[in-house]
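Reading the structure
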Amino acid sequence: NEETTTITTYREQANFDFTTNDNIWLYVPLPGHTHYADETHPLLQSYVDTVLQGCLEWGGPTMAEQFILTTGGWSEYFLNDTPSSRRPWLFRKEYNTIDELLKKYEE
């Protein structure tokens with residue numbers, strides 16, 4: 001099925017191994033509920049931070065980079081909604097690493 005294909009493809013592209021004891025969470029929107037970010041519904045920095053923080057904790061910078069490279073639909077509509085924009089070190093764990101990775105692959 002499509003979910004198995006996606007996981008297999010990601011596993012082949014990744015530079016780390018999944019084991020039978022690992023849990024994988026996959027977000028698959030319901031048909032008709034797929035919407036891209038737009039002017040009134042931007043992609044949120046806090047969401048990107050959460051996902052990339054999980055990648056860094058589980059698979060390090062390699063997994064975070066693979067996530068960025070294998071994720072499609074990045075939007076020009078992006079909102080830095082972090083409440084800590086003036087002091088990110090208080091609220092965004094590893095914010096420097098995340099910001100550097102995003103900047104590295106910025107188009």
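Residues numbered from 1 in each chain as written. Predicted model: local features only at pLDDT ≥ 70, side-chain atom pairs only at ≥ 80, totals over all residues. Heavy atoms only, no water.

Description of the pattern of salt bridges
Going through the model one piece at a time under the given rule, you end up with 1 salt bridge. The shortest N-O distance in the salt bridge between Lys104 and Glu65 comes to 3.2 Å. With a gap of 39 residues between them, Lys104 in helix α4 (residues 95-104) and Glu65 in helix α2 (residues 45-70) connect regions that are remote in the sequence. Looking at Lys104, the relative accessible area reads 53%, which means it is exposed. (Salt bridge = Lys/Arg side-chain N within 4 Å of Asp/Glu carboxyl O. Helix = DSSP H or I, 4+ residues; strand = E, 2+ residues; numbered from the N terminus. Buried < 20%, exposed > 50% of the residue type's maximum accessible area, 1.4 Å probe, protein only.)

Some points on the side chain of Asp49
Note that Asp49 resides in helix α2. Owing to a relative accessible area of 8%, Asp49 belongs among the buried residues under this scheme. Excluding residues within four positions of it along the chain, Asp49 makes contact with Thr82, Arg92 and Ile98. (Contact = heavy atoms within 4.5 Å.)

A closer look at a nonpolar patch on the surface
Together, Leu44, Tyr47 and Leu79 line one region of the surface with nonpolar side chains, adding up to about 280 Å² of accessible area. Mapped onto the secondary structure, Tyr47 falls in helix α2. (Patch = residues over 30% accessible without salt bridge, like charges linked within 9 Å, V, L, I, M, F, W, Y side chains within 5 Å. Areas by Shrake-Rupley, 256 points an atom, 1.4 Å probe, with all protein chains shown as cover.)

Re α4
The complete set of buried residues in α4 reads Tyr95, Ile98, Leu101 and Leu102. Looking straight down α4, one finds that the buried residues subtend no more than 135° of arc, so they occupy a single side. Exposed residues lying more than 90 degrees from the buried face of α4 are Glu100, Lys103 and Lys104. (Arc of directions from axis to C-beta.)

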